[in-house]
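# Topology and contacts: notes
What follows is the residue order along each chain.
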Amino acid sequence: MELSTPVSIPKPRFTFEYGNQIMLFGSCFAENIGSKLEDSKFTVDLNPFGTLYNPASVALALRKLFQPERFTGKDLFLHGGIYHSFSHHSKFSSTSETECLENINERLFASSERLRKANRLVITFGTAYVYKLKENGQIVSNCHKLPEKMFTRELLPVQDIVENWQNLLLSLWEQNPELKVLFTVSPIRHWKDGAHGNQISKATLLLAIEQLQKSYATHIEYFPAYEIMMDELRDYRFYADDMLHPSSLAIEYIWQGFKENYLSQESLAILKEWNDIKKALNHKPFQPESDAYRQFISQTLLKMERISRKIASFDISKEYELVKSKLK
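Thresholds applied
Residues numbered from 1 in each chain as written. Predicted model: local features only at pLDDT ≥ 70, side-chain atom pairs only at ≥ 80, totals over all residues. Heavy atoms only, no water. 1 Å grid on protein atoms, 1.4 Å probe; cavity = no way out; pocket = protein on both sides within 12 Å on 5 of 7 lines; lining within 4 Å. Points joined across faces, edges and corners; volume = space filled by probe spheres on them. Helix = DSSP H or I, 4+ residues; strand = E, 2+ residues; numbered from the N terminus. Nonpolar A, V, L, I, M, F, W, Y, C, P; charged D, E, K, R; others polar. Expected span 1.5 Å × (residues − 1). Buried < 20%, exposed > 50% of the residue type's maximum accessible area, 1.4 Å probe, protein only. Arc of directions from axis to C-beta. Contact = heavy atoms within 4.5 Å. Phe/Tyr/Trp six-rings, centres within 6.5 Å; stacked < 30°, edge-to-face > 60°. Lys NZ or Arg CZ within 6 Å of the ring centre and 35° of its normal. Core = buried A, V, L, I, M, F, W, Y, C linked by side-chain atoms within 4.5 Å. Lys, Arg positive; Asp, Glu negative; His and termini not counted. Salt bridge = Lys/Arg side-chain N within 4 Å of Asp/Glu carboxyl O. Polar contact = N/O pair within 3.5 Å; in protein donor to acceptor, adjacent residues only side chain to side chain. Pairing = 2+ DSSP bridges. Right-handed = clockwise from strand over helix to strand, strands pointing away.

Let us now look at empty space enclosed by the protein. Taken as a whole and judged by the stated rule, the model has three cavities of 30 Å³ or more. Roughly 50 Å³ of internal volume is contained in the largest cavity. Those elements giving two or more residues to the lining of the largest cavity turn out to be β1 (21-26) and β2 (43-46). Classifying every residue of the lining of the largest cavity by side-chain character gives four nonpolar, two polar and two charged.

End to end, helix α1 (residues 28-39) covers 17 Å across 12 residues, agreeing with the expected 16 Å (1.5 Å per residue, within 8%). Restricting attention to buried positions, one finds in α1 the residues Phe29, Ala30, Ile33, Gly34 and Leu37. The arc that holds the buried residues of α1, viewed along the axis, is 130 degrees, so those residues lie on one side. Looking at the packing, one finds that the buried side of α1 touches β1, β2, β5 (120-125), β9 (180-185), α6 (225-232) and α7 (248-262). The first or second residue beyond α1 is Lys41, which carries a positive phi of 70 degrees.

What follows covers the packing of aromatic side chains. For any pair of aromatic rings, the description consists of the separation of the ring centres together with the inter-plane angle of the planes. Per the counting criterion, the structure on display carries 19 aromatic pairs. Ring centres 6.4 Å apart and planes at 50 degrees place the aromatic pair Phe14 and Phe16 in the tilted group. Joined through ring pairs, the aromatic side chains of Phe14, Phe16, Phe223, Trp255, Phe258 and Tyr262 make up one cluster. Sitting above the plane of the Tyr129 ring, Arg153 keeps its charged end 3.9 Å from the centroid.

Another point: the nonpolar core. One broad trend across soluble globular proteins is that nonpolar side chains are buried collectively. Formed by 46 residues in total, the largest nonpolar core has its most connected members in Phe25, Leu62, Leu121, Ile123, Trp165 and Phe183. If you list the elements that add at least two residues to this core, you get β1, α2 (55-66), α3 (97-117), β5, α4 (158-175), β9, α5 (195-215) and β10 (220-222). For this core, the element with the highest residue contribution is α4, accounting for eight residues. Excluding its chain neighbours within four sequence positions, the residues that come into contact with Phe25 are Ala30, Asn47, Pro48, Val58, Ala61, Leu62, Leu65, Leu121, Val122, Ile123 and Thr124.

With that settled, the discussion passes to the side chain of Glu232. Mapping Glu232 onto the fold places it in helix α6. The buried charged residue Glu232 lacks any salt bridge, with Arg234 as its nearest oppositely charged partner at 11 Å. Of note is the side chain of Glu232, whose polar atom sits 2.8 Å from the backbone nitrogen of Val7.

Here we take up the pairing of β2. Pairing of β1 with β2, which is carried by four bridges, proceeds in the parallel orientation. Within β2, the position partnered with Leu24 by the bridge is Leu46. One crossover worth recording links β1 to the parallel β2 by way of α1, and it is right-handed.

If you want it as structure tokens, here you go:
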């Protein structure tokens, strides 16, 4: 008996593997999947500009990484005693102009270097609506709670998104022909757009990605996170208290779909080993001084050493030292 409408995921042309250099950009959902990948010990650079929502801002962030130029005080503005950048999420904001610029520029140049080496790029679009500064028409990545009268709100046309991303992707592939791109549309509904406006926005994003995928089928895949949430998880028990964001259970469910379809078989096997080790790390013994527990710890250390030898990029040095300390 089927109690939902399962979303079919076609076999992808590429997978994610340990050893890949993975970069993720976009909305809160990029943060969710990125955090899962980080926790699974993949090599990840997650949102170097902070959470971004619309295709134009994500594209601008990638262009700034592609040709990095140091941000200066002219690129910041002061509001409520805090320095902000219209290109960045508020996580980079600071009461100190110097600190704000240091945080921005340190991440800019580090992530620029990672982009040149990246094998996999995950892009999550949240909304097709953008906010433009009235004074100069600049699309902002974040309004930073400035008065609404300072902005105009517009829906990006499908073709504008496609052309912008075509030019960007061609530039990236010219430098890095092996880069594979996975697009997703965030399942988080932007309720400020209204019920109909949210659907128009999501449809715009889906149409743009569809065109890009058809044009560059060997390099682009689409993961249906939005469709899984709307169809397989069509029940408010899968939502957080705000009734808009996916619950932790829904995020885990979508992660399972991603993992089963986009991780290579070898990586899935390694991940299973790591999950078993994590269970051992979380184990709380009744008798921590017993010989049986010391043997358990020794066996766990051997498993950690074995998995580190298999995958050079598998950094569990902190966990290893923590477990080793329990033998003292």
